[in-house]
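# Structural overview
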Amino acid sequence: MATRMDALTLEVVDLIGSVVSRYHEEYERAAAEHALTGAQARVLGLLSLEPVPMRKIARKLKCEPSNVTGIIDRLEARGLVERRPDPADRRVKLAAPTEEGRRMAVALRDSLDFAREPLAELSAEERTVLRDLLRRMLGQ
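Worth saying up front: this structure is predicted, and the values here are computed from it rather than measured.

Moving on: the side chain of Ser111. Relative to the helices and strands, Ser111 is located in the loop between α5 (99-110) and α6 (113-120). For Ser111, a relative accessible area of 17% corresponds to the buried category. Within polar-contact distance, the side chain of Ser111 engages the backbone oxygen of Leu108 at 2.8 Å.

Turning our eyes to something else, we now look at the layout of surface pockets. Of the pockets and cavities examined, the largest pocket occupies roughly 2000 Å³. Lining the largest pocket we find 38 residues, and of these Val19, Val20, Leu130, Leu134 and Leu138 sit closest to its centre. Of all the elements in the fold, those that place two or more residues in the lining of the largest pocket are α1 (7-33), α2 (38-47), α5, α6 and α7 (124-137). Of all the elements, α1 adds the most residues to the lining of the largest pocket, at 12 residues.

A few words now on the pairing of strand β3 (residues 89-97). Two faces, one strand: in a regular strand the side chains alternate between the faces of the sheet. In this sheet, β3 lies alongside strand β1 (residues 52-53) in antiparallel orientation, the contact comprising two bridges. The partner of Pro53 across the bridge, within β3, is Leu94. With six bridges joining them, strand β2 (residues 81-86) and β3 adopt antiparallel strand pairing. Residue Arg84 lies in a different strand from β3, and its bridge partner there is Leu94. Taken together, β2 and the strand that follows it, β3, pair antiparallel across an intervening segment of two residues.

The antiparallel open sheet is built from three strands, whose spatial order is β1-β3-β2. Looking at strand neighbours, the two that pair on one side only are β1 and β2, the edges of this open sheet. Here α2 sits on the sheet in contact with β1, β2 and β3, set at roughly 110° to β3.

Overall, the coordinates contain 10 salt bridges when judged by the stated rule. Taking the shortest distance from any N to any O, the salt bridge between Glu33 and Arg29 comes out at 2.6 Å. Here the residue Glu33 and the residue Arg29 both occupy positions in helix α1, the gap between them amounting to four residues, near one helical turn. Of the residues examined, Glu33 reaches a relative accessible area of 54% and is grouped as exposed. Between Glu76 and Arg83 there is a salt bridge whose closest N-O contact spans 2.4 Å. Taking relative accessible area as the criterion, Glu76 reaches 32% and is therefore assigned partly exposed. Judged by relative accessible area, Arg83 falls into the partly exposed class, the value being 26%. Residues joined in a network through salt bridges with shared partners are Glu26, Arg29 and Glu33.

About the thresholds
- Residues numbered from 1 in each chain as written.
- Predicted model: local features only at pLDDT ≥ 70, side-chain atom pairs only at ≥ 80, totals over all residues.
- Heavy atoms only, no water.
- Helix = DSSP H or I, 4+ residues; strand = E, 2+ residues; numbered from the N terminus.
- Buried < 20%, exposed > 50% of the residue type's maximum accessible area, 1.4 Å probe, protein only.
- Polar contact = N/O pair within 3.5 Å; in protein donor to acceptor, adjacent residues only side chain to side chain.
- 1 Å grid on protein atoms, 1.4 Å probe; cavity = no way out; pocket = protein on both sides within 12 Å on 5 of 7 lines; lining within 4 Å.
- Points joined across faces, edges and corners; volume = space filled by probe spheres on them.
- Pairing = 2+ DSSP bridges.
- Contact = heavy atoms within 4.5 Å.
- Axes fitted to C-alpha atoms, helices over the stretch in contact; angles between N-to-C directions.
- Salt bridge = Lys/Arg side-chain N within 4 Å of Asp/Glu carboxyl O.

Next up, the structure:
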């Protein structure tokens, strides 16, 4: 399928880039307010949903497993994360948030106003359409 680079497509690509840039800026700022790096904040947010194998974290972040090990080490040293064996395969280590880590993840998520404020301007129907279009763009 050929890509179309008409004016509308270029504008949409530019707008997506602006959204991503603003999101990253705010995420980094919010992380810094909690004395976290952006990567540490992303890992903590991911873990707040469920314990996750280290390799899966690396795939999600699109980085080397050794980088994830360092991030988890630093979060663990702060008492925000713990490693535990996977009940399904004891050879696999899961990273899981501690109670303090869960509280920090919630505080971090609550401090992210960027997405919440503009999305509040959209109706539930518009947010659903946007979600569905984004999923379609990502092949989900």
